[in-house]
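A closer look at the structure
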Amino acid sequence: MADGPSLDDLLLHREIEDFLFRECATIDDGRYDDWVDLFCDDGTYWVPSQPDQSSASDTASLIHEGVTLLRARARRLRHDKAFANTPPVRTRHVVGNVAIRERNGDDACRVTASFVMFDYRADDQRVFAGAYDYSLRRVGGEWRIAGKRVDLLNCDAPHGALLAPF
């Protein structure tokens, strides 16, 4: 009979799940600056526009931003005069199927998860579903996002304004 995961593996998995849940809570609570703070200084946030898109530079993406642009996005989302976000968007994320795909010692890993996000603004509720693919790195003992790829199930469908982060 094969041995199951070690206690260390189970603890790491729980730690990663808690991090992903906390990340989604920052978005759902409208704490966009806190969300950006979860990224490494060189982190990226990518939402491809095509299924199985392999590069953000070869094909146009729905979103492809580094931390500087994420900070600008956070400013716009909390600005009271941002017409595109009046009234402000509200979200709820559900995350599951969290799996650690690769580990580089105790300080870096690749993690995947499934998600559903509900987006509500101006009497319009939308539902997005897809998969996350994270590159996580410990910085100062805390997990940070080195890269977050969001593969929307309907990435190649027409979308209205994509205001809140997935």
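Report follows, based on the coordinates.

Reading guide: rules and limits
Residues numbered from 1 in each chain as written. Predicted model: local features only at pLDDT ≥ 70, side-chain atom pairs only at ≥ 80, totals over all residues. Heavy atoms only, no water. Phe/Tyr/Trp six-rings, centres within 6.5 Å; stacked < 30°, edge-to-face > 60°. Lys NZ or Arg CZ within 6 Å of the ring centre and 35° of its normal. Helix = DSSP H or I, 4+ residues; strand = E, 2+ residues; numbered from the N terminus. Expected span 1.5 Å × (residues − 1). Buried < 20%, exposed > 50% of the residue type's maximum accessible area, 1.4 Å probe, protein only. Pairing = 2+ DSSP bridges. Contact = heavy atoms within 4.5 Å. Patch = residues over 30% accessible without salt bridge, like charges linked within 9 Å, V, L, I, M, F, W, Y side chains within 5 Å. Areas by Shrake-Rupley, 256 points an atom, 1.4 Å probe, with all protein chains shown as cover. Salt bridge = Lys/Arg side-chain N within 4 Å of Asp/Glu carboxyl O.

Further remarks concern the packing of aromatic side chains. In total, this model carries six aromatic pairs according to the counting rule given. Above the ring of Tyr132, the side-chain terminus of Lys148 is found at 4.3 Å from the ring centroid.

What follows is about helix H3 (residues 67-78). Taking 1.5 Å per residue, 12 residues should reach 16 Å; H3 reaches 17 Å between its end C-alpha atoms and fits that length. Those residues of H3 that sit buried are Val67, Leu70, Ala72, Arg73, Ala74 and Leu77.

This paragraph deals with the pairing of strand S6 (residues 142-152). Most of S6 is tucked away: eight of the 11 residues are buried. By the bridge criterion, four bridges tie strand S1 (residues 39-48) to S6 in an arrangement that is parallel. Opposite Trp46, over in S6, you have Arg149 as the bridge partner. As paired strands, strand S5 (residues 124-139) and S6 are joined by 10 bridges and run antiparallel to one another.

Looking at the element boundaries, Phe39 is found in strand S1. Separated by 104 residues in the primary sequence, Phe39 and Trp143 place their C-alpha atoms 8.8 Å from one another. When neighbours within four sequence positions are excluded, Phe39 is seen to be in contact with Thr44, Tyr45, Val67, Leu70, Arg144, Ile145 and Lys148.

To continue, consider a nonpolar patch on the surface. A contiguous nonpolar patch, built from Leu7, Leu10 and Leu11 and spanning about 320 Å² of accessible area, is present on the exposed surface. Mapped onto the elements of the fold, Leu7 is located in helix H1 (residues 7-28).

Before going further, it helps to spend a moment on the pattern of salt bridges. Applying the stated criterion to the full structure yields 15 salt bridges. We note a salt bridge from Arg137 to Asp42, for which the minimum N-O separation is 3.3 Å. Of this pair, Arg137 sits in strand S5 while Asp42 sits in strand S1; the two residues are 95 residues apart in sequence, bridging distant segments of the chain. Given the relative accessible area of 51%, Asp42 is considered exposed. Residue Glu102 pairs with Arg110 through a salt bridge whose shortest N-O separation is 3.6 Å. A relative accessible area of 48% means that Glu102 is categorised as partly exposed.

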